Structure formats: C-alpha cells, structure tokens
Amino acid sequence: MRLMLLIMWLLHWLPLPLLGRFGETVGSFLFYVIKKRRRITLTNLRLCMPELSEAERYQLAKQHFRYYARSVFERGILWWAPESRLKKLIHVEPGVPLADIKAGPVVIMCPHFVCLEVAGVATMLESSLCSIYSEQKNKVFDRALRKGRSRFRPVQLFSRNEGIKPILRAMQQGLPYFMLPDMDFGIKNAEFIPFFGVPAATLIALPRLVATSGAKVIPVTATYLPDYQGWQVRFHPAWENYPGDASLTEATRQMNAFIESQIRFAPAEYFWAHKRFKTRPEGEAGFY
C-alpha cells in the first residue's frame with residue numbers, strides 16, 4: 001500500500017488528460033482481470049437497465065471500470081495538489097450553498113458516483129463538515145484517506161455504530177452533514193425500497209434525520225467534464241417540504257427516485273461494482 005500511495009503521489013503531478021487516460025487504461029485491464037466485480041456490475045446493470053441489450057450493458061460496465069479506476073488515480077490530485085489547481089479543475093454549479101449552511105442545519109446528500117470524493121473536496125474548500133466514516137482495513141491507506149479528506153478544514157468523522165446523536169450534535173454546531181445513503185448496509189434501520197424497480201435494502205436515515213433536526217436536504221452530484229477538463233460538482237436546489245407528511249418509506253422512495261434520475265445523466269459513473277441488492281427479502285434468492 002505504501003508503494004501504491006507513492007505511485008499515486010508521483011502520478012498526481014501529471015496533467016489531468018494524461019493521468020485520466022492512464023487510469024482508464026488500467027480500468028480496461030481490470031475489467032477483464034477482476035471477474036467477480038465484473039459479474040456484480042453486469043448483474044446490477046441487467047437488473048436496473050433491462051431496456052439495454054446485453055452488448056450495451058457490457059460496454060457500459062467496461063466504461064464504468066475505466067471511470068472507477070480513473071477516479072482512484074485522480075484521487076492523488078484531491079489529496080496532494082494545491083488548492084489553486086483544484087479550483088481550476090473543480091467546476092462548482094452554482095456554488096457551495098454557504099448561505100444555507102450558515103442558516104443550518106443542512107444535510108448534503110451525495111449519491112455514490114465514482115467522483116463523490118470531488119464533491120467532498122469542493123465542499124471542504126469552503127466549509128467544514130461532518131460525515132460517517134468506515135475505517136479501512138489497511139491502516140496505511142486509512143491514514144492517507146483521513147488526512148486527504150481533512151487537509152483543508154477540520155472534519156468530524158463518526159463511526160456508523162455511533163448512531164445519530166453525534167451527527168445531531170455536530171449539525172447543531174453548524175456543520176453540514178455529508179451523507180452517502182445509497183449502499184446496502186443490511187436490513188438494520190433500512191427498508192426494501194424500489195431502486196430502478198428492484199427492491200433494495202435502503203437506509204431510512206435521511207428522512208428520519210431531517211424530521212428530527214429540521215434540516216434542509218441539498219443533493220450534490222459530481223461527474224466528469226468532457227475531454228479531461230476536470231469535474232463538475234452540482235449542488236441541486238434544496239428539497240422543499242421534505243419529508244413533510246410523507247412516511248419514512250415514501251420519503252426514502254423519493255430519495256431513490258432522485259438518485260435514479262441523476263444516474264440516467266451519467267450511467268457509467270455510478271458505483272455499479274457494489275452489491276446494491278445483496279440483502280434480499282426473506283425467502284427471495286440472491287442475485288450474486
């Protein structure tokens with residue numbers, strides 16, 4: 001891992017077009033080598049995009065591997081490049097919602113696109129934040145990841161096991177909560193909510209947290225700009241009257257529907273290599 005981090009540090013000096021093409025070349029190689037993740041990706045695409053042909057899904061899966069590997073190597077820019085370079089490469093639309101953050105509390109809801117780290121950096125260039133953090137098995141990488149994510153401003157990172165209380169305290173102190181709610185963490189605190197029409201174990205934490213704290217939900221998505229120009233980070237308008245009178249189930253369904261709509265704009269950039277449908281309703285066979 002130390003060697004890998006050294007390589008990432010060396011490569012981050014390259015111009016983005018060279019680094020991006022290098023990452024995509026590695027991703028093309030990994031698509032053929034990592035058969036398990038290729039199978040997971042193709043299974044997810046078959047479930048979520050049945051309207052595509054098998055050949056179209058295969059090409060989409062291959063492009064996803066290219067984008068994902070590219071994002072890993074480009075992370076070196078996020079961790080070590082000077083702020084001036086980052087501001088040239090990260091195009092924020094319309095801007096980090098500082099007025100909403102100051103008025104607080106705010107939940108910044110970020111779906112799992114491969115460039116999600118860019119959305120976090122775009123936020124931290126302007127504001128501190130708090131978030132849930134899963135400790136990495138490799139301690140060297142864990143330290144590098146923590147340092148890279150907190151090099152601009154102090155960041156409060158909490159374990160998922162700590163529950164909602166430390167998040168609420170941090171939000172009361174004026175920190176926006178950077179939330180990634182669209183992965184399968186099992187059935188605890190989750191319900192089976194349709195995701196592209198397929199029941200998926202989905203955390204109901206977003207509407208529950210908003211109902212408790214009175215926070216605004218501001219979605220953010222991060223995607224690649226064409227021709228290796230950098231990244232676009234888009235802060236979407238705050239959701240009005242969310243969750244309002246909707247049940248936790250219906251409010252979580254609204255969240256999934258929003259994420260689906262954003263995936264349609266950049267389908268190869270969503271994190272399809274994750275077992276999104278790993279947890280199944282009782283008695284239902286697994287997909288993987």
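Residues numbered from 1 in each chain as written. Predicted model: local features only at pLDDT ≥ 70, side-chain atom pairs only at ≥ 80, totals over all residues. Heavy atoms only, no water.

(A) Summary view of the sheet that holds strand E3 (residues 129-132). One open sheet holds the seven strands; their spatial order is E1-E9-E8-E2-E5-E3-E4, and the pairing between them is mixed. With partners counted over all chains shown, the strands left at the sheet margins are strand E1 (90-93) and strand E4 (155-158), one partner each. Each strand of the sheet is rotated relative to its neighbour by a mean of 25°, with strand direction disregarded. Bridging between E1 and strand E9 (residues 231-235) involves four bridges; their strand directions are parallel. Bridging across to E9, His-91 finds its partner in Gln-232. Lying on the sheet, helix H4 (residues 54-80) is in contact with E1, strand E8 (216-224) and E9; it crosses E8 at an angle near 105°. (Pairing = 2+ DSSP bridges. Helix = DSSP H or I, 4+ residues; strand = E, 2+ residues; numbered from the N terminus. Axes fitted to C-alpha atoms, helices over the stretch in contact; angles between N-to-C directions. Contact = heavy atoms within 4.5 Å.)

(B) Main features of the nonpolar core. Among the nonpolar cores identified, the biggest contains 87 residues, and Leu-206 and Trp-231 are the most heavily contacted of them. No other element matches the eight residues that H4 contributes to this core. Those residues in contact with Trp-231 that lie beyond four places of it in its chain are Leu-16, Glu-74, Ile-77, Leu-78, Leu-89, Ile-90, His-91, Cys-115, Val-118, Thr-223, Tyr-224 and Leu-225. (Core = buried A, V, L, I, M, F, W, Y, C linked by side-chain atoms within 4.5 Å. Buried < 20%, exposed > 50% of the residue type's maximum accessible area, 1.4 Å probe, protein only.)

(C) The arrangement of the pairing of strand E2 (residues 106-109) in detail. What you see with E2 is no split at all: Val-106 and Ile-108 on one side and Val-107 and Met-109 on the other are buried throughout. Across four bridges, the pairing between E2 and E8 is parallel. Residue pairing in the sheet places Val-106 in a bridge with Lys-216 of E8. As paired elements, E2 and strand E5 (residues 177-179) share three bridges and run parallel to each other. Within E5, the residue paired with Met-109 across the bridge is Met-179.

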